[in-house]
Amino acid sequence: MALPGRGGDRTSDAVKDVRSALEQAQAGTADQGVLDRQSTKFVQNILDLGVDGKGWFDSAAHEADEALRENGGDVEAAVDAIVRSHVTKGAGTGFLTSVGGFVTLPLALPVNLLAFYLLATRMTASIAKVRGYDLSSEQIRTAVLLTLVGADADDLLRKANVVVPGGTLSNLAVQRLPGPVLMVVQKGIGFRLLAQVGTKSFARLGRLVPVVGGAVGGGLDAYMLSRFARNAKDQFPRVAPAIER
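These figures come from a predicted structure and were not determined experimentally. (Residues numbered from 1 in each chain as written. Predicted model: local features only at pLDDT ≥ 70, side-chain atom pairs only at ≥ 80, totals over all residues. Heavy atoms only, no water.)

Undergrad: What am I meant to see in the overall build of the chain here?
TA: Of regular secondary structure, the chain possesses 9 helices and 0 strands. Overall, the chain shows an N-to-C arrangement of helices and strands of α-α-α-α-α-α-α-α-α. Considering only residue pairs separated by 6 or more positions, the chain has 77% of its internal contacts joining residues 24 or more positions apart. Looking at the chain as shown, the accessible area adds up to about 11100 Å², and 57% of this sits on carbon and sulfur atoms. (Helix = DSSP H or I, 4+ residues; strand = E, 2+ residues; numbered from the N terminus. Contact = heavy atoms within 4.5 Å. Areas by Shrake-Rupley, 256 points an atom, 1.4 Å probe, with all protein chains shown as cover.)

Undergrad: Got a minute to help me understand helix 6 (residues 138-147) in this structure?
TA: For the α-helix, the turn length of 3.6 residues means that residues three or four positions removed from each other point alike. When you tally the buried positions in helix 6, you get 9 out of 10 residues, the bulk of the element. Restricting attention to buried positions, one finds in helix 6 the residues Gln139, Ile140, Arg141, Thr142, Ala143, Val144, Leu145, Leu146 and Thr147. (Buried < 20%, exposed > 50% of the residue type's maximum accessible area, 1.4 Å probe, protein only.)

Undergrad: Hey, could you run me through helix 3 (residues 60-70) in this one?
TA: Among the residues of helix 3, Ala60, Glu63, Ala64, Ala67 and Leu68 are the ones counted as buried. Burial along helix 3 is one-sided: seen end-on, the buried residues are contained in an arc of 130 degrees. Residues of helix 3 that are exposed and point more than 90 degrees away from the buried face comprise Arg69 and Glu70. (Arc of directions from axis to C-beta.)

Undergrad: Can you walk me through the pattern of salt bridges in this structure?
TA: Two side chains with opposite charge may pair up if their charged atoms get near one another. Following the criterion strictly, the structure yields 9 salt bridges and no others. Across the salt bridge formed by Asp48 and Arg141, the nearest N and O atoms sit 3.9 Å from each other. Of the two residues, Asp48 sits in helix 2 (residues 32-52) while Arg141 sits in helix 6, which places them 93 residues apart along the sequence. Overall, Asp48 belongs to the partly exposed group, its relative accessible area being 24%. A salt bridge links Arg131 to Glu76; the shortest N-O distance between them is 2.6 Å. Separated by 55 residues along the polypeptide, Arg131 in the loop between helix 5 (105-130) and helix 6 and Glu76 in helix 4 (residues 75-98) bring together distant segments of the chain. The exposure class of Arg131 is buried, given its relative accessible area of 7%. (Salt bridge = Lys/Arg side-chain N within 4 Å of Asp/Glu carboxyl O.)

Structure follows, in structure tokens:
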């Protein structure tokens, strides 16, 4: 998978933002205001690039339309195709950004983190689009991000005093939450995603050995994307019409 942008300016800035966010997260609470800003930028980059696309990185809407076209309009077959494609790309990207082992970790981790969450976001948003959700809705975009934090989603919503009717995150669409509330939720998502980085890195002990690290990294990314896909299928049940086309 190529990261978005032929010239790479937008992607380069996003990688820098990820690196800064990781550094602030590792610094603890000493610069909490800076960490707040970096977490917000991190989440916004994931949303903008992962949902809307840029350069070589196609948008979620494009992926959804292509999957439906290639599967004769069969919604569930299109969903399965989207998942297979993104899990495969995730495995390849994880391998490439992990193959250098421990020596390349400081440079590779921000790139891997950005690439992984861009794929996860686009996969989830594509599933939502195929099943009939409006990706221009800020509530749906937030629901896409919440899907990536799994069980932590309920805790984030509870802290923001948000009650989701019906038990699925897609029902945020009927809430019409004000912008400040959505910003609080998105900032919390940023913190949770960054917190996952430490766990993800320790799980990649194979990084200490070049090539072996690539296999471990690719396998872990594929596994995590498969888990996100299962959650996305649960959180975005099909609505009618399935998609405008």
